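Results of the structural survey
Below, each chain spelled out in residue letters.
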Amino acid sequence: MIDIKGILNRWVHPALLVTLILVLTYGAIFLQTAVRGDGSWARQMQGVALGLILMAVVWLFDYRKFEHWLLPLFALNIFLLVSPRIPFIGREISGATRWIGVPGVDALSLQPSEPAKIVTIVLLAAIISRYGGKLDDWRSFAKVVGLSLIPFFAVMTQPDLGTGLVFLVVMIGMLFLGGAKLRYMAILILSGIVAIAAVYGINQLTWSDERDDYLLLRTYQLNRLAVFWDQGESDPMGAGYDLNQSKIAIGSGGITGKGMGEGTQSQLDFISERATDYIFSVLGEELGFVGAIVLIGLYIALLVIALSIGASSSDLFGTLICGGIVCMWAFQIMQNIGMTMGLMPITGIPLPFMSYGLSAIVTNILACGLLLSVWSRRPYQAQTRGGAHDITI
């Protein structure tokens, strides 16, 4: 007789699946409000369907096999990161070369750096886990850091500062979980701060009136940093416009909001990119503080569940995968919500499961598939007629 209850207990994580369904539903509702029937909502739902299919495939696949696929994973990551530069399939949109597409099909554009986040997490987990939780040799530490910086520099050339920062945060978090010495971590972070200061200094020295740009960072990227420091006061109708309108929208929402579809800032087009970068502003205006707290509560639940799955893993590899996913989600949530209120610099990072974007929604749902794969292969106490015994699939 088939033990249905035992199978469900072994393979299904109800809390994760329920939380995922709730946050996807929340995102679908507000995306429909934000795009107002321009076809983007239907494409996003297609992305959700594709993501759920891929999630099921990864869920059934034994994640531990990835640990032995270092070269294929590395090759796949390099391809994803350089593919926007490949002629005929690479696409430039708004001055950035971050997308690929099918020639002649303008409606289909994918951002390869999104799935590259997952590949990078799995690749770093496979590399770091080989040190058994004791990454205490500086040569090994430097080697891992060097490999980790490849995705960062690759996406910075597109240019995509926001995604680059995600790779950095994932690297730091996974190094910490992998047992890197705190001394090495402190040196790494201090070096990063020095590098940022050096980049800023070089940019100031390499300004060119002829090309209206800097050497290492684009003008709009530095303008976004300036907007963060002065909260848009120096250029309220230019670089600071979106931030000011976003804060007005969130502030005017009050406790319970103005009602679905009744937000003046969002519905009257005062907020640009309201379906992507500033979808939290739409939520804050239309459902207010209560709606924002519900979303943040769902995110906290998702992060706690991912951490618990990582803690239950049968190996360090699975723990590192879960930890990398938590770092990716936590930073994107904090960065996106923070930038809409002027608490973080504007970088264009999408809000997980909420912002419009086929590549992003598929990637985030795929991450849930990895979590379920780790959960399904944890040490498990199965009940039999003779009693309970531990098994690991």
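Residues numbered from 1 in each chain as written. Predicted model: local features only at pLDDT ≥ 70, side-chain atom pairs only at ≥ 80, totals over all residues. Heavy atoms only, no water.

1. A short note on the pattern of salt bridges
A side chain of one charge can pair with a side chain of the opposite charge if their charged atoms are brought near each other. On inspection of all chains with the given rule, the structure shows four salt bridges. Here R377 ties to D62 by a salt bridge, and the two come within 3.6 Å at their closest N and O atoms. Of this pair, R377 sits in the loop between α14 (358-376) and β4 (380-384) while D62 sits in the loop between α3 (40-60) and α4 (70-82), and the two are 315 residues apart along the sequence. Judged on exposure class, the residue R377 and its partner D62 are both buried. Residue E285 is joined to K258 by a salt bridge in which the shortest nitrogen-to-oxygen separation is 3.1 Å. With a gap of 27 residues between them, E285 in helix α12 (residues 279-312) and K258 in the loop between α10 (241-253) and α11 (264-267) connect regions that are remote in the sequence. Here the residues in one salt-bridge network are D62, R64 and R377, joined through shared partners. (Salt bridge = Lys/Arg side-chain N within 4 Å of Asp/Glu carboxyl O. Helix = DSSP H or I, 4+ residues; strand = E, 2+ residues; numbered from the N terminus. Buried < 20%, exposed > 50% of the residue type's maximum accessible area, 1.4 Å probe, protein only.)

2. Some thoughts on the confidence of the model for the protein chain
Here the protein chain shows a mean pLDDT of 81. Residues at 70 or above account for 80%. Within the protein chain, strand β5 (residues 387-391) has the poorest average pLDDT of any element, 46, and α14 the best, 94. Note that pLDDT drops below 50 for residues 383-392; the model gives that stretch 21 contacts with residues more than four away or on any other chain. (pLDDT = per-residue confidence, 0-100. Contact = heavy atoms within 4.5 Å.)

3. As for the packing of α4 against helix α5 (residues 113-129)
Their axes nearest at 9 Å, the elements α4 and α5 cross at an angle of 150 degrees. It follows that α4 is roughly antiparallel to α5 by the angle criterion. The element α4 and its partner α5 pack so that their crossing is left-handed. Residues L70, L73, F74, L76, N77, L80 and L81 of α4 lie in contact with α5, whose contacting residues are P115, A116, V119, T120, V122, L123, A126 and I127. (Axes fitted to C-alpha atoms, helices over the stretch in contact; angles between N-to-C directions. Parallel < 35°, antiparallel > 145°, perpendicular 65-115°, else oblique. Left-handed = near helix turned anticlockwise from the far one by under 90°.)

4. With respect to the nonpolar core
F141, L175, L295, W329, F353 and M354 are the most contacted members of the largest nonpolar core, which has 87 residues in total. Considering each element in turn, this core owes the most residues, 13 residues, to α12. Ignoring sequence-local partners within four residues, the contact set of L295 consists of V23, Y26, F280, L283, L351 and M354. Of all hydrophobic cores here, the second largest spans six residues; its members include L243, A249, I271 and I346. (Core = buried A, V, L, I, M, F, W, Y, C linked by side-chain atoms within 4.5 Å.)

5. Notes on the packing of aromatic side chains
A full pass over the atoms with the stated rule returns eight aromatic pairs. Centroid distance Y63 to F317: 5.8 Å. Interplanar angle 25 degrees. Geometry classified as stacked. With Y63 in the loop between α3 and α4 and F317 in helix α13 (residues 316-340), this residue pair connects regions lying 254 residues apart in the sequence. Here the two residues Y63 and F317 agree in accessibility, since each one is buried. Through a chain of ring-to-ring contacts, three or more aromatic side chains come together here, namely F61, F66 and W69. The ring of W375 has R378 sitting right over it, with the charged end atom 3.7 Å from the ring centre. (Phe/Tyr/Trp six-rings, centres within 6.5 Å; stacked < 30°, edge-to-face > 60°. Lys NZ or Arg CZ within 6 Å of the ring centre and 35° of its normal.)

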